[in-house]
Amino acid sequence: MINLYDLNFDELTQFVLDLGEPKFRARQIWEWLYHSFVVDFDAMRNLPKSLRENLAVTANLDTSKIVADQLSSDGQTQKVLTQLPDGQLIETVLMRYNRRRTLCISSQAGCAMGCVFCATGQMGFFRNLSVGEIIAPVMRFARQLAAEDQRVTNIVMMGMGEPLHNYDNTLEAVNRLTDPTGFNLGARKITISTVGLVPAIRRYADEGRQTPLAISLHAATDAERDKLIPINKRWPVAELIDACRYYIKKTGRRITFEWALIAGENDTIEQAQALGKLVQEMLCHVNLIPLNPTKGYGGGPSSRERVDKFQQTLAQYKVTSTVRVRRGIDIQAGCGQLRDRIVNQTID
Ligand code: SAH
Ligand code: SF4
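Conventions adopted
- Residues numbered from 1 in each chain as written.
- Chains lettered and ligands numbered in written order.
- Predicted model: local features only at pLDDT ≥ 70, side-chain atom pairs only at ≥ 80, totals over all residues.
- Heavy atoms only, no water.
- Core = buried A, V, L, I, M, F, W, Y, C linked by side-chain atoms within 4.5 Å.
- Buried < 20%, exposed > 50% of the residue type's maximum accessible area, 1.4 Å probe, protein only.
- Domains from an automatic or database assignment.
- Pairing = 2+ DSSP bridges.
- Helix = DSSP H or I, 4+ residues; strand = E, 2+ residues; numbered from the N terminus.
- Axes fitted to C-alpha atoms, helices over the stretch in contact; angles between N-to-C directions.
- Contact = heavy atoms within 4.5 Å.
- Salt bridge = Lys/Arg side-chain N within 4 Å of Asp/Glu carboxyl O.
- Parallel < 35°, antiparallel > 145°, perpendicular 65-115°, else oblique.
- Left-handed = near helix turned anticlockwise from the far one by under 90°.
- Nonpolar A, V, L, I, M, F, W, Y, C, P; charged D, E, K, R; others polar.

Asks: Hey, could you run me through the nonpolar core in this one?
Replies: General note: in soluble globular proteins, nonpolar side chains tend to be found buried as a group. Membership of the largest hydrophobic core comes to 99 residues, with the highest contact counts inside it found for Leu4, Met44, Phe183 and Phe257. Formed jointly, this core draws a minimum of three residues from each of two domains, domain 1 (2-60) and domain 2 (65-347).

Right, here's the structure in full:
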């Protein structure tokens, strides 16, 4: 069985030719996939019945099953947990904010990076997702939104997994989602978030893409970052910041630093000052997000006062920052949290 969402247009064309069909059928199927987001081959009405039947036995579309579908109490955040044929569980979150419809998607089942505060890091690594597995949830939500006359406006790769640890599939998924003949989302509308894999950041910079990059920094000194993010021992803060500067130089694009504020841990004046010194004069922005508590980690979110103080300290260095509200807390919308709750059978 071939998953059609795993194929690019040339591969789809070859697949169609191999079935003994004329080439133009590939374009028709492509449009059913990326303009109509159909779930079964029978819906592809302009294809002959024989081809639809042939497709049904040789290919598949979205192979996942919905295991949980939850809406936050304010109705703005929806989180879906799907199960892949081999049992892996993948999370996707839709956030509605004003006219934005932002999807948070996953790149891996689990994660190998082991960040101590992260629910996905706590579960360990299972496997990479294929291109089709990365984008199928986007098509699912696109279909749901289309029924309301809406569309996906932004995508953030901030669900489960480290996107740059699954580099080729992640970037191919971006290609697919931005293809003007297909899903046609603007490259600037997709954010890739990375824990800081230095060689991959440099490689990404060299590609000169328009897709924005966010770096999960969370600490500005090695002593602090080592405690939170094990990969920091391999690529320490100075090397990471060098790679970020290289990215900015190569692309001319602003970089975003993510900072989960953990009470009494990385929300100190000292850390704010160290961060200010580290990134002042850099083309960057800092997102401050009070920690979303997870089962495997004792830390909690910083108080409002601490958050404000942290932000004011950054401003002294002319570093701009935004405090992000934690969305969908009541549905475990933090990375990896819903899977955790389902697997451990604690769902109400
Ligand atoms: N692996 C990538 C992308 C997925 S994690 C990365 O680490 O960047 C997406 C973001 O959520 C990262 O910034 C990550 O540090 C953050 N995050 C993970 N667990 C969190 C938690 N419990 N509270 C707040 N942010 C968290
Ligand atoms: Fe992996 Fe990102 Fe979680 Fe770290 S924060 S464990 S890199 S998903």
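Asks: Teacher, can you tell me more about the sheet that holds strand β10 (residues 190-194) here?
Replies: What holds strands together in a sheet is hydrogen bonding between their backbones, with the strands either parallel or antiparallel. Within the open sheet, the 10 strands sit side by side as β3-β4-β5-β6-β9-β10-β11-β12-β13-β14. Their pairing is mixed. With partners counted over all chains shown, the strands left at the sheet margins are β3 (65-71) and β14 (321-323), one partner each. Strand after strand, the sheet turns through a mean of 20° between neighbouring axes, direction not considered. Sheet topology places β3 next to strand β4 (residues 77-83); 6 bridges connect them, and they run antiparallel. Across the sheet, the residue bridging to Leu71 is Gln78, located in β4. Sitting on the sheet, helix α9 (residues 237-251) touches β11 (213-216) and β12 (255-261), and the angle it makes with β12 is about 145°.

Asks: What's the story with the pattern of salt bridges in this structure? I'm lost.
Replies: Note that side chains of opposite charge can pair when their charged atoms are close. This structure, assessed with the given rule, holds 15 salt bridges. Residue Arg176 is joined to Glu172 by a salt bridge in which the shortest nitrogen-to-oxygen separation is 3.3 Å. Taken together, the positions of Arg176 and Glu172, both in helix α6 (residues 167-178) and 4 residues apart, correspond to about one turn of that helix. The exposure class assigned to Arg176 is buried, which follows from its relative accessible area of 3%.

Asks: Any chance you could explain the packing of helix α5 (residues 131-146) against α6 here in plain terms?
Replies: Packed helices, taken two at a time, are described by the angle their axes make and the gap between the axes. At a minimum axis distance of 8 Å, the contact between α5 and α6 shows a crossing angle of 40°. Classified by the interaxial angle, the pair formed by α5 and α6 is oblique. Pair α5 / α6 crosses with right-handed handedness. When α5 is examined against α6, the residues Val131, Ile134, Ile135, Val138 and Met139 are found in contact with a partner set consisting of Asn169, Thr170, Glu172, Ala173, Arg176 and Leu177. Residues belonging to the contact of α5 with α6 are distributed by class as follows: 7 nonpolar, 2 polar and 2 charged.

Asks: Help me understand unusual backbone geometry in this model?
Replies: A negative phi angle characterises most non-glycine residues, just as the trans form characterises most peptide bonds. In this structure, Asp149 is a non-glycine residue whose phi angle is positive, near 65°. In this structure, Asn184 is a non-glycine residue whose phi angle is positive, near 60°. Tracing the backbone shows Asn184 in the loop between α6 and β10. On the basis of relative accessibility, which here comes to 42%, the residue Asn184 falls in the partly exposed class.

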